[in-house]
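A closer look at the structure
Each chain is listed here by its residues.
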Amino acid sequence: MRLTPLFAGVLTLALVGTASAQTLTIATVNNGDMIRMQGLSSAFTEETGIELNWVVLEENTLRQNVTTDIATNGGQYDIMTIGTYEAPIWAGQGWLKPLDGLSADAEYDVDDLLPPIRGGLSVDGKLYAAPFYGESSFIMYRTDLMEAAGLEMPEAPTWEFIGEAARAMTDRDNDINGICLRGKAGWGENMAFLTAMSNSFGARWFDEDWNPQFDSPEWKETLDTYLSLMADAGPAGASSNGFNENLTLFQQGKCGMWIDATVAASFVTNPDDSTVADKVGFALAPDNGLGKRGNWLWAWSLAIPASSQNADAAEQFIGWATSKDYLELVAAEEGWANVPPGTRISLYENPDYQAAAPFAEMTMGSIYAADPTQPTVQPVPYVGVQFVAIPEFAGIGTNVGQLFSAALAGQMSADDALAQAQDATTRDMTRAGYIQ
């Protein structure tokens, strides 16, 4: 791959003569786009001499490891894969280095980053993490099964329609589940989906005085609808299923619908990986007519912990992996449909990408539809669509996720899960000083 002036100017810094001795340790998630990045990164090493040591982890494990390392100033990693939740909080704590070199480099073109994605990774106008891919969520569905059920997917469906369609498409004898949804416990796993879903039901995590709201009728309707839908039309063992598990089920033809990250669109339509690649349609995340859809906003991004001793080289790698040139490299190797989506304006203006990615327009529409500053129907004191942007949320959200996952597994009732979520979250928020 040709290195542009991006890699010849600001970011080369002190690398000359020492680059061959440097090794960067990169922690990342085991999602398909990151696995592809790892495979293509030999081009970066060949050009720079900088060696790369990859630590590739399951999503929940990655979050635990990098959070522990950065909070304790452990210095284990030079680059961390983090999300829209962590970036502004950790930057505010002084735990991340600002990416000033990228922001100043005209070739990198920070102004080309999608405003909703860039805004979530910045503090006081400074970029602290560069988006590798950005996403919202939408519906992926089997067009053949929808047709066989005698139904037609609206572009903007309601939850009522989704329930009807999921039950109609379910065929237990042939191992086809009408719908696959996240059930694995975690603030970024089942609670990402359920929080986004709850927004469309009029629910919220907290009222304006930070009082938890799991005892509200809106949360009960959300959880009851989810549990009923999964019992009638979901796969067995759904309480263990996260993004990757549901992706596999869909690619194997075992899901009629899947509501999840827009980034999955290229995987479910790739004939090399998906048995149903030519039978996939897309629709906006469902709503209930209350003005909010059940879609989220997220970016998996690359950041440099303040403890890194190789910050200059780390910023050079981040510049390479999130550049326009990297998108062209992926396109050359894998085709335009498989480039990391949701980060750059220029990608969505590219006619080659538009032609190769039938999901491009809906991905953009979903990203812009999510409003982190007004995520719910009612007023809230927090920012964040599928998360609450406070440091305590990771622990609180995971605790609630464990309760809801237990309810999905049949280990407790929805009412018990909600009551325990209310009590535990009230206790945690009182201890943290939010509730006086």
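Read on for a plain summary of the structure. (Residues numbered from 1 in each chain as written. Predicted model: local features only at pLDDT ≥ 70, side-chain atom pairs only at ≥ 80, totals over all residues. Heavy atoms only, no water.)

1. Observations regarding the overall build of the protein chain
- Helix and strand counts for the protein chain come out as 19 helices and 10 strands.
- Scaling as 2.2 N^0.38, a compact globule of 436 residues should have a C-alpha radius of gyration of about 22 Å, and the protein chain matches this with 21 Å.
- Going through the 436 residues of the protein chain one by one, you find that 60% of them count as buried.
- Of the contacts formed within the protein chain by residues at least 6 apart in sequence, a portion of 75% connects residues at least 24 apart.
- As displayed, the protein chain has an accessible area near 16200 Å², and 47% of this comes from carbon and sulfur atoms.
- Taking the average place of the 21 positive charges on the side chains of the protein chain and the average place of its 56 negative ones, the gap between the two points comes to 3 Å. (Helix = DSSP H or I, 4+ residues; strand = E, 2+ residues; numbered from the N terminus. Rg over C-alpha atoms; globule rule 2.2 N^0.38 Å. Buried < 20%, exposed > 50% of the residue type's maximum accessible area, 1.4 Å probe, protein only. Contact = heavy atoms within 4.5 Å. Areas by Shrake-Rupley, 256 points an atom, 1.4 Å probe, with all protein chains shown as cover. Lys, Arg positive; Asp, Glu negative; His and termini not counted. Charge placed at Lys NZ, Arg CZ, Asp CG, Glu CD.)

2. A word on the sheet that holds strand β8 (residues 257–261)
- Across the sheet, which stays open at both edges, the three strands sit in the order β8-β7-β9 with antiparallel pairing between neighbours. Each edge of the open sheet is held by one strand with a lone partner, namely β8 and β9 (280–284). Taken over all neighbouring pairs, the strand axes of this sheet differ in orientation by 30° on average, direction set aside.
- Here five bridges tie strand β7 (residues 137–142) to β9, and the two strands are oriented antiparallel to one another. In the sheet register, R142 faces β9, and the bridge partner there is V280.
- Where helix α8 (residues 159–169) meets the sheet, its contacts fall on β7 and β8, and the angle it forms with β8 comes to roughly 130°. (Pairing = 2+ DSSP bridges. Axes fitted to C-alpha atoms, helices over the stretch in contact; angles between N-to-C directions.)

3. Observations concerning the sheet that holds strand β10 (residues 298–303)
- Here five strands make up an open sheet; going across it, the order is β2-β1-β3-β10-β6 and the pairing mixed. Only two strands of the sheet have a single neighbouring strand rather than two, namely β2 (51–57) and β6 (130–135). Neighbouring strand axes in the sheet, compared pairwise and without regard to direction, differ in orientation by 15° on average.
- Helix-sheet contacts for helix α3 (residues 59–71) involve β1 (23–29), β2, β3 (79–82) and β10, and the interaxial angle to β1 is about 135°.

4. Details of the pattern of salt bridges
- In this structure the tally under the stated criterion is 18 salt bridges.
- Close ionic contact of D100 with K126 constitutes a salt bridge, the shortest N to O distance being 3.1 Å. Residue D100 is located in helix α5 (residues 100–104), and its partner K126 is located in strand β5 (residues 126–127); the two are separated by 26 residues in the primary sequence.
- On the accessibility criterion, D100 (36% relative accessible area) is partly exposed. (Salt bridge = Lys/Arg side-chain N within 4 Å of Asp/Glu carboxyl O.)

5. Things to note about the state of the cysteines
- In this structure the tally under the stated criterion is one disulfide.
- What pairs with C180 in a disulfide is C255, and their sulfur atoms sit 2.0 Å apart. Between C180 and C255 the disulfide shows an S-S torsion of about -85°. By sign, it is left-handed. Taken together, the residues span a long stretch of sequence, with C180 in the loop between α8 and α9 (190–200) and C255 in the loop between α11 (243–251) and β8 at a distance of 75 residues. Considered together, C180 and C255 belong to a single accessibility category, that of buried residues. (Disulfide = S-S within 2.5 Å.)

6. Describing the packing of aromatic side chains
- According to the stated counting rule, one finds 33 aromatic pairs in the structure shown.
- A centroid spacing of 5.5 Å and a plane angle of 40° characterise the contact between F243 and W258, whose relative ring orientation is tilted. Taken together, the positions of F243 in helix α11 and W258 in strand β8 put the pair 15 residues apart, joining distant regions of the chain.
- The ring centre of W187 lies 4.3 Å from the NZ or CZ of R63, which sits over that ring.
- For R344, the ring lying beneath its charged end belongs to Y108, and the centroid distance is 4.8 Å. (Phe/Tyr/Trp six-rings, centres within 6.5 Å; stacked < 30°, edge-to-face > 60°. Lys NZ or Arg CZ within 6 Å of the ring centre and 35° of its normal.)

7. Comments concerning the packing of helix α1 (residues 32–40) against helix α14 (residues 324–334)
- For the pair α1 and α14, interaxial distance at closest approach is 12 Å and the crossing angle is 90°. Comparing the axis directions of α1 and α14 gives the class roughly perpendicular. Between α1 and α14, the contacting residues are D33, R36, M37 and L40 on the first element and Y326, L329, V330, E333 and E334 on the second.
- Of the residues contributing to the contact of α1 with α14, the split by class is five nonpolar, no polar and four charged. (Parallel < 35°, antiparallel > 145°, perpendicular 65-115°, else oblique. Nonpolar A, V, L, I, M, F, W, Y, C, P; charged D, E, K, R; others polar.)

8. Remarks on helix α19 (residues 414–431)
- For α19, with 18 residues, the first-to-last C-alpha span of 26 Å sits near the 26 Å given by 1.5 Å per residue.
- Elements in contact with the buried residues of α19: α10 (217–233) and α18 (393–408).
- A positive phi of about 95° marks G433, the residue just after α19. (Expected span 1.5 Å × (residues − 1).)

9. Topic: the side chain of S323
- Note that S323 resides in the loop between α13 (311–321) and α14.
- Overall, S323 belongs to the buried group, its relative accessible area being 4%.
- For S323, the side chain forms a polar contact with the main-chain nitrogen of Y326, separated by 3.0 Å. (Polar contact = N/O pair within 3.5 Å; in protein donor to acceptor, adjacent residues only side chain to side chain.)

10. Digging into the environment of L62
- In this fold, L62 is placed in helix α3.
- Expressed as a C-alpha distance, the spacing of L62 and A27, which sit 35 residues apart in the sequence, is 7.4 Å.
- With near-sequence residues (within four places) excluded, L62 lies in contact with A27, T28, V29, L57, T81 and W300.

Note that all results are geometric; they support no functional claim without further evidence.
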